[in-house]
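Breakdown of the fold
Chain residues, written in single-letter form:
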Amino acid sequence: PEPQRAEVFKQREHMRNLRGRIESWQKDFDDSQGKVSTLYAMLRPLSLEFLLYMMADVSDAALQKNISRYITLWRREKANVCGEDLRAMGLPPGPAYGRILEAVLAAKLDGSATSTEQQLELARRLAADGVEVERVAQAVLDSLSSHGAHQGVMLRVRPYRYASLRDVIDAA
């Protein structure tokens, strides 16, 4: 059927575009710079069949192992926090739920919020700060950065007031 065929072509194209990015991620991961949540976000759109094909097609044994970890462990991982917890915090249901839960899951995958308490605290901070997390394609990040250097994460903030030389001297 045509819809399934279109989905296969879409995933194949996604997989082709990912090849260099996941190899680059593996190098970063080997240097303790790559985050599991980044690999998770890249592989998430792919079906099991494409994941298995990609795992068989890459030559780097460490990358094969990490794709296998994604298939067997990471893709099934869920945040310990759920929408009911967010509602109990007084956050009205809406799109913020998905963004907060996605950020909490990323923190869990990366090891910075492994316990339920840590995840609840992160969810509280995100809800209170109104921080919105949005996943976008790497090309979008490349276009937003001044020269393509972003480590896969960017933040929009208010203009920052820099300290003058006098301020630095006075504070010393």
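Below is a short write-up of the structure. (Residues numbered from 1 in each chain as written. Predicted model: local features only at pLDDT ≥ 70, side-chain atom pairs only at ≥ 80, totals over all residues. Heavy atoms only, no water.)

1. Remarks on the nonpolar core
Counting 21 residues, the largest nonpolar core has Ile22, Leu43, Leu46, Met54 and Ile67 as the members making the most contacts within it. Elements supplying a minimum of two residues to this core: helix 1 (2–30), helix 2 (36–43), helix 3 (48–57), helix 4 (61–72) and helix 6 (95–109). At five residues, helix 2 tops the list of elements feeding residues into this core. If we skip the residues at most four places from it in the chain, Leu43 touches Leu18, Ile22, Leu51, Met54, Ile67 and Tyr70. Counting residues in hydrophobic clusters, the runner-up holds 13 residues, among them Ile100, Val104, Ala107 and Ala113. (Core = buried A, V, L, I, M, F, W, Y, C linked by side-chain atoms within 4.5 Å. Buried < 20%, exposed > 50% of the residue type's maximum accessible area, 1.4 Å probe, protein only. Helix = DSSP H or I, 4+ residues; strand = E, 2+ residues; numbered from the N terminus. Contact = heavy atoms within 4.5 Å.)

2. What to know about the pattern of salt bridges
Scanning all chains against the criterion turns up seven salt bridges. Among the salt bridges present, the one from Arg166 reaches Asp170, with a minimum N-O distance of 3.3 Å. Of this pair, Arg166 and Asp170 both sit in helix 9 (residues 165–171), four residues apart, roughly one helical turn. For Arg166, a relative accessible area of 51% corresponds to the exposed category. Residues participating in the shared-partner salt-bridge network are Arg19, Glu23 and Asp57. (Salt bridge = Lys/Arg side-chain N within 4 Å of Asp/Glu carboxyl O.)

3. Things to note about the packing of aromatic side chains
Counted by the stated rule, this structure contains two aromatic pairs. Geometrically, the ring pair formed by Trp25 and Phe29 is stacked, given 4.7 Å between the ring centres and 20° between the ring planes. Of this pair, Trp25 and Phe29 both sit in helix 1, four residues apart, which is roughly one turn of the helix. Note on Phe29: relative accessible area 26%, which makes it partly exposed. Taking 5.8 Å as the distance between ring centres and 70° as the angle between the ring planes, the aromatic pair formed by Tyr40 and Tyr70 counts as edge-to-face. (Phe/Tyr/Trp six-rings, centres within 6.5 Å; stacked < 30°, edge-to-face > 60°.)

4. Re a nonpolar patch on the surface
The grouping of Val136, Val140, Leu144 and Met154 at the surface amounts to a nonpolar patch, some 290 Å² of accessible area in total. Inspection of the secondary structure assignment puts Val140 in helix 8 (residues 138–144). Assessed through its relative accessible area of 35%, Val140 is described here as partly exposed. (Patch = residues over 30% accessible without salt bridge, like charges linked within 9 Å, V, L, I, M, F, W, Y side chains within 5 Å. Areas by Shrake-Rupley, 256 points an atom, 1.4 Å probe, with all protein chains shown as cover.)

5. Some thoughts on the side chain of Gln11
Along the chain, Gln11 turns up in helix 1. Given the relative accessible area of 9%, Gln11 is considered buried. Sequence-distant contacts of Gln11, that is, excluding residues within four places in its chain, are made with Pro45, Leu46, Ser47 and Phe50.

6. Some remarks on a negative patch on the surface
On the surface, a cluster of negative charge is contributed by Asp28, Asp30, Asp31 and Asp60. Checked against the element boundaries, Asp60 lands in the loop between helix 3 and helix 4. (Lys, Arg positive; Asp, Glu negative; His and termini not counted. Charge placed at Lys NZ, Arg CZ, Asp CG, Glu CD.)

7. Concerning the packing of helix 1 against helix 2
Following both chains from N to C, one finds helix 1 and helix 2 inclined at 170°, their axes separated by 10 Å at the closest point. By the angle between their axes, helix 1 is roughly antiparallel relative to helix 2. Counted together, His14, Leu18, Arg21, Ile22, Trp25 and Phe29 of helix 1 and Val36, Thr38, Leu39, Met42 and Leu43 of helix 2 form the full contact between these two elements. (Axes fitted to C-alpha atoms, helices over the stretch in contact; angles between N-to-C directions. Parallel < 35°, antiparallel > 145°, perpendicular 65-115°, else oblique.)

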